[in-house]
Amino acid sequence: MNRLSGIRSIMEDIATTGVAGGQETTVNLSPGNPSHNPEVVATWERLVRETLDEQFHDTSTRYGPSRGSAVLVEAIVDYFNATYGWSIRPENVLVGPGSQLLSFIATTLFTGPGPGGRMRHLVLPRTPDYTGYQGLSLDQAGLVGVEPQVCAAGERFFRYGLDLDAVRRVDDIGMLLLSNPSNPSGSSIDATELAELITVAKEHDAPLVIDHAYGEPFPRIAPSDIKPVLHSHVVNLFTLSKAGIPAERIAFAIGPSHLIDPMVSFMANSALHAPQLLQATVARAFAKGDIDTLTAQHITPYYTAKRALAGRLLAESLPAAVNWRLHSGDRGLFCWLLVDHDWFDDLRFYETLKRHGVFIVPGRHFFAPPLTTPFLRTHGKRCVRLSLSPGEDELAAGIRRLSAVLGGLVSDGGGRG
Ligand SMILES: Cc1ncc(COP(=O)(O)O)c(C=O)c1O
């Protein structure tokens, strides 16, 4: 917890680094921030204003319950029961200040030294996965990442698959955690893989925590092959961050009460509760249907068009002589680019691009260290993540510069420049 993770150091880098010579404007293709989509911004602004006008005294001026304010918990219960035909109750819900904290709470409760001193690991069953998971464990050796299967798809695409046999071989699982669809690649497990992961979770009596930040039922930024499920060993995480209000820190967990209950205690002991004004705002968004309208009419179509644009620009400008592949997917907040050559090194590429005023995220930050296996020494250092969050012009400029820099590396004989 006290070390700088890869993504934190990059964010600091961006804040402090000027562009060499000051000639070019900086293009930032690294953020996980959702795009500033005008309709989305306007809807949240309206909802916050209404809440401020009508509920400020009842929310901001008093402490609230650690599980979450009654109005939001009820709205979540009603929304999910109506959407999925469930019959969850308030005891199945915990609201928190961001799903990062909810993941940390679950990791701290369910992993680490167990009874008898055995280490219960935090296991990421399909890396690459969200780099923010790497700092969750309080034990330096507490994180285990499982390498994926890589399947080529046509000339310029590939897909990651879950290596279930490898997952089954992991000992001492305290908790399984995955983002689905995944940050960074957008890959999704299917119903059979979900059932298998639940079997592994049951065998270890460990929770399977599924982080739906980009998926179902909102904001549907990237396509998911599974819907959230209710199960004695599954905790689902949802966040409003990617639906447009990342700075307001509202997320929630849904799961069986025997797993949610200790998480509520942890919330009370650590943060007390999430901000109440924004809880009331989000309750409005659920109750009035804004969340579904935003998802269907503005968020999903926006990221479908953006991903298609980025795919086109990359195909047009990346050097034909380079063996590059994109993780396949119809939409998403990111493009995950593999440059499959011995000479390519993601960190060196990141540094070179930075000197040309373009920020990306080196792919190695999404694999669990140490990067010493044959797969991670090669594939783990040949990927980069590009964010589709900036506007179209900035995105196009960034892709053009990135392609030119990659072309330059090839002419220099492969990355020695
Ligand atoms: C997969 C995933 N989970 C969680 C988060 C953080 O969510 P929150 O803002 O709710 O803490 C992110 C942010 O990038 C993410 O990509």
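For clarity, every value in this text was computed on a predicted model and none was experimentally measured.

Examining the nonpolar core
- Counting residues in each nonpolar core, the largest one holds 42 residues, and the members touching the most others are Leu-337, Phe-349, Ile-360, Leu-402 and Leu-406.
- With residues up to four places along the chain from it excluded, the contact list for Ile-360 reads Ile-10, Leu-29, Ser-30, Phe-349, Tyr-350, Leu-353, Val-384, Arg-385, Leu-386 and Leu-402.
- Counting 40 residues, the second-largest nonpolar core is a separate cluster that includes Phe-80, Trp-86, Phe-252 and Phe-286.

Considering the side chain of Ser-187
- Topologically, Ser-187 is positioned in the loop between β8 (173-179) and α6 (191-204).
- Once residues lying within four places of it in the same chain are set aside, the contact partners of Ser-187 are Arg-126, Arg-159, Tyr-160, Asn-180, Pro-181, Ser-182 and His-327.

A look at the environment of Ala-153
- Mapping Ala-153 onto the fold places it in strand β6 (residues 149-153).
- Exposure remark for Ala-153: the relative accessible area of 30% places this residue in the partly exposed category.
- Each C-alpha atom of the pair Ala-153 and Ser-328 lies 7.8 Å from the other, and the pair is 175 residues apart in sequence.
- Those residues in contact with Ala-153 that lie beyond four places of it in its chain are Phe-158 and Arg-325.

Concerning the site of the ligand
- Close contacts around the ligand come from 13 residues, with Asp-211, Tyr-214, Thr-239, Ser-241 and Lys-242 the closest.
- At a separation of 2.8 Å, an oxygen atom of the ligand approaches a polar side-chain atom of Asn-183.
- In this structure, an oxygen atom belonging to the ligand sits 2.6 Å away from a side-chain N or O atom of Tyr-214.
- Here the ligand, which alone exposes 400 Å², has 92% of that area covered by the protein.
- Each residue belonging to the shell around the ligand can be placed in one class, and the counts come to three nonpolar, seven polar and three charged.

Some remarks on the side chain of Thr-300
- Position of Thr-300 relative to the elements: it lies in helix α9 (residues 290-317).
- Setting aside residues no more than four positions away along its own chain, Thr-300 makes contact with Pro-219, Arg-220, Thr-295 and Arg-331.

Focus on the packing of helix α3 (residues 70-84) against helix α8 (residues 276-287)
- Contact geometry of α3 with α8 gives a least axis separation of 8 Å together with a crossing angle of 25°. Taken together, the axes of α3 and α8 are roughly parallel relative to one another. Relative to α8, α3 is oriented so that their crossing is left-handed. In this structure, α3 uses Val-71, Leu-72, Ala-75, Ile-76 and Tyr-79 to contact α8, whose residues at the interface are Gln-279, Val-282, Ala-283 and Phe-286.
- Grouping the constituent residues of the contact of α3 with α8 by class yields eight nonpolar, one polar and no charged.

Overview of the pairing of strand β4 (residues 119-124)
- Sheet topology places strand β3 (residues 112-113) next to β4; two bridges connect them, and they run antiparallel. In the strand pairing of β4, Gly-112 is matched with Arg-120.
- Here β3 folds back onto β4 in antiparallel fashion, the turn holding five residues, of which Gly-116 has a positive phi close to 85°.
- Across three bridges, the pairing between β4 and β8 is parallel. In the strand pairing of β8, His-121 is matched with Ile-173.

A short note on the pattern of salt bridges
- Per the counting criterion, the structure on display carries 18 salt bridges.
- The salt bridge involving Lys-288 is made with Glu-50; its shortest N-O contact spans 3.1 Å. A residue pair is termed long-range when its members are at least 10 positions apart, and Lys-288 in the loop between α8 and α9 and Glu-50 in helix α2 (residues 38-59) qualify at 238 residues.
- Arg-382 is the partner of Asp-340 in a salt bridge, and the nearest nitrogen-oxygen pair spans 2.9 Å. Highlighted residues: Asp-340 in the loop between β13 (334-339) and α10 (346-355) and Arg-382 in the loop between α11 (374-378) and β16 (383-387), separated in sequence by 42 residues.
- Salt bridges sharing common partners tie together Arg-46, Glu-50, Glu-54, Arg-284, Lys-288 and Asp-290.

Some thoughts on the confidence of the model for the protein
- In this model, the protein carries a mean pLDDT of 94, and residues with pLDDT of at least 70 account for 96%.
- In the model of the protein, helix α1 (residues 6-16) stands out as the element of lowest mean pLDDT, 70, in contrast to strand β11 (residues 251-254), which has the highest, 99.

Side note on unusual backbone geometry
- At the junction of Glu-216 and Pro-217, the peptide bond is cis and its omega measures out at -10° in the coordinates.
- Turning to its location among the elements, Pro-217 is positioned in the loop between β9 (208-211) and β10 (234-239).
- Cis geometry is found at the peptide bond from Phe-218 to Pro-219, where omega equals 5°.
- One can find Pro-219 in the loop between β9 and β10.
- The phi torsion at Asp-205 lies on the positive side, around 50°, for a residue other than glycine.
- Topologically, Asp-205 is positioned in the loop between α6 and β9.
- Although it is not a glycine, Leu-272 adopts a positive phi angle of roughly 70°.
- When you line up the elements, Leu-272 lands in the loop between α7 (257-270) and α8.
- The class for Leu-272 is partly exposed, based on a relative accessible area of 42%.

Conventions used here
- Residues numbered from 1 in each chain as written.
- Predicted model: local features only at pLDDT ≥ 70, side-chain atom pairs only at ≥ 80, totals over all residues.
- Heavy atoms only, no water.
- Core = buried A, V, L, I, M, F, W, Y, C linked by side-chain atoms within 4.5 Å.
- Buried < 20%, exposed > 50% of the residue type's maximum accessible area, 1.4 Å probe, protein only.
- Contact = heavy atoms within 4.5 Å.
- Helix = DSSP H or I, 4+ residues; strand = E, 2+ residues; numbered from the N terminus.
- Near = heavy atom within 4 Å.
- Polar contact = N/O pair within 3.5 Å; in protein donor to acceptor, adjacent residues only side chain to side chain.
- Areas by Shrake-Rupley, 256 points an atom, 1.4 Å probe, with all protein chains shown as cover.
- Nonpolar A, V, L, I, M, F, W, Y, C, P; charged D, E, K, R; others polar.
- Axes fitted to C-alpha atoms, helices over the stretch in contact; angles between N-to-C directions.
- Parallel < 35°, antiparallel > 145°, perpendicular 65-115°, else oblique.
- Left-handed = near helix turned anticlockwise from the far one by under 90°.
- Pairing = 2+ DSSP bridges.
- Salt bridge = Lys/Arg side-chain N within 4 Å of Asp/Glu carboxyl O.
- pLDDT = per-residue confidence, 0-100.

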